[in-house]
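Breakdown of the fold
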Amino acid sequence: MMPDWLNQFPELRGLTQTNSGTALLAAAKQVGFPAGSQIFHAGSLCEQYLLVQDGRIRVQQVSISGREILLYRIGAGESCILTTACLFNGHAYPAMGISETSVRAIVFPQDPFQKGIADCPIFRSFVFRAYGDRLTELFSLVEEVVFTRLDIRLARLLLHADVENGMINSTHHAIAAELGSAREVVSRTLRIFEERGWIQRQHRQILLLDLAALRRLANSS
């Protein structure tokens, strides 16, 4: 019988047709995390492969000075590149994963995962494709951080943020973490935007006033 969660990962449905695949599926477990849970942290060993069914996990790195940078998010139907890499090389996590919402996930313990990679072409193909897709996204992040001006990246972030009645609910610290910058630099750039009449800063909120100007800046590179 095919587990219900496979409907979210159609590429893995073929696992039910082979003995190695059914053995791998039998080892899978469903887990849940409330919002704000630390799924893994820097320095911890990886012991299981994780597939997100529902919810969202934020993967970020924190420097010794306390500066944060968002690496990527894991949403429904996705896996974690750091988890995959750590299972492959046996190294500890170099970053942390935090659930931004409540999360339901499927996990495969380390030994069945390794056996699945060796014995199940379908599973192996799924894992490596997901790994490659996420690696491409990380290279795009590095390229943007290194080669794109902060004001342009900030404008893009504001335009793509969740907006309610023209208002974004976020702190300067959270925005800085999204952009991989210092809070002081983000605050200074937001002040420039405000002086130009593009936004209005409020406590833990940003009111968008001139979307056309923000779009012109966002598309200027």
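Just above, that's the structure.
**Description of the environment of T83**
Within the secondary structure layout, T83 lies in helix α2 (residues 81–89). Assessed through its relative accessible area of 3%, T83 is described here as buried. Here the alpha-carbon distance between T83 and Y93, two residues ten residues apart in the chain, equals 7.4 Å. T83 has contacts with F40, C46, Q48, Y49, L50 and Y93, leaving out every residue within four places of it along the chain. Here the side chain of T83 touches Y93 through a polar contact of 2.7 Å, side chain to side chain.

**Topic: unusual backbone geometry**
With the exception of glycine, the majority of residues adopt a negative phi angle, and the majority of peptide bonds are in the trans configuration. In this structure, R204 is a non-glycine residue whose phi angle is positive, near 60°. If you trace the backbone, R204 turns up in the loop between β9 (199–202) and β10 (205–208). Assessed through its relative accessible area of 54%, R204 is described here as exposed.

**Things to note about the environment of Q200**
The topology assignment puts Q200 in strand β9. Look at Q200 and you get partly exposed, because its relative accessible area is 35%. Between the C-alpha atom of Q200 and that of Q110, which follows or precedes it by 90 residues, the distance is 50 Å.

**Structural notes on the packing of aromatic side chains**
Inspection of the entire model under this criterion finds 13 aromatic pairs. Residues F88 and F128 carry aromatic rings whose centres are separated by 5.4 Å and whose planes lie at 20° to one another, so their mutual orientation is stacked. With F88 in helix α2 and F128 in helix α4 (residues 121–147), this pair connects stretches of sequence that are 40 residues apart. In this structure F128 comes out as partly exposed when scored by relative accessible area, which is 42%. Seen from their ring centres, F88 and Y131 are 6.3 Å apart, and the 55° between their planes marks the pair as tilted. You can see F88 sitting in helix α2 and its partner Y131 sitting in helix α4, a full 43 residues away along the chain. Taking relative accessible area as the criterion, F88 reaches 34% and is therefore assigned partly exposed.

**Here we look at the packing of helix α6 (residues 172–179) against helix α7 (residues 183–195)**
The interhelical angle for the contact between α6 and α7, taken along N-to-C directions, is 105°, at an axis separation of 8 Å. With respect to α7, the axis of α6 lies roughly perpendicular. Taken together, the residues of α7 that come into contact with α6 (itself represented by H172, H173, I175, A176 and L179) are R183, V186, S187 and L190. Split by residue class, the contact of α6 with α7 holds five nonpolar, three polar and one charged.

**Comments concerning a nonpolar patch on the surface**
A contiguous nonpolar patch, built from V142, V146 and F147 and spanning about 340 Å² of accessible area, is present on the exposed surface. Within the secondary structure layout, V146 lies in helix α4. Given a relative accessible area of 54%, V146 falls into the exposed group.

**What to know about the nonpolar core**
Core analysis: the largest hydrophobic core is formed by 39 residues, its most contacted members being W5, L12, Y49, L51, F108 and F123. At five residues, the largest contribution of residues to this core is made by strand β7 (residues 103–109). Ranked by size, the runner-up nonpolar core spans 21 residues in total, among them L150, L179, I206 and A213.

Rules used in this analysis
- Residues numbered from 1 in each chain as written.
- Predicted model: local features only at pLDDT ≥ 70, side-chain atom pairs only at ≥ 80, totals over all residues.
- Heavy atoms only, no water.
- Helix = DSSP H or I, 4+ residues; strand = E, 2+ residues; numbered from the N terminus.
- Buried < 20%, exposed > 50% of the residue type's maximum accessible area, 1.4 Å probe, protein only.
- Contact = heavy atoms within 4.5 Å.
- Polar contact = N/O pair within 3.5 Å; in protein donor to acceptor, adjacent residues only side chain to side chain.
- Phe/Tyr/Trp six-rings, centres within 6.5 Å; stacked < 30°, edge-to-face > 60°.
- Axes fitted to C-alpha atoms, helices over the stretch in contact; angles between N-to-C directions.
- Parallel < 35°, antiparallel > 145°, perpendicular 65-115°, else oblique.
- Nonpolar A, V, L, I, M, F, W, Y, C, P; charged D, E, K, R; others polar.
- Patch = residues over 30% accessible without salt bridge, like charges linked within 9 Å, V, L, I, M, F, W, Y side chains within 5 Å.
- Areas by Shrake-Rupley, 256 points an atom, 1.4 Å probe, with all protein chains shown as cover.
- Salt bridge = Lys/Arg side-chain N within 4 Å of Asp/Glu carboxyl O.
- Core = buried A, V, L, I, M, F, W, Y, C linked by side-chain atoms within 4.5 Å.

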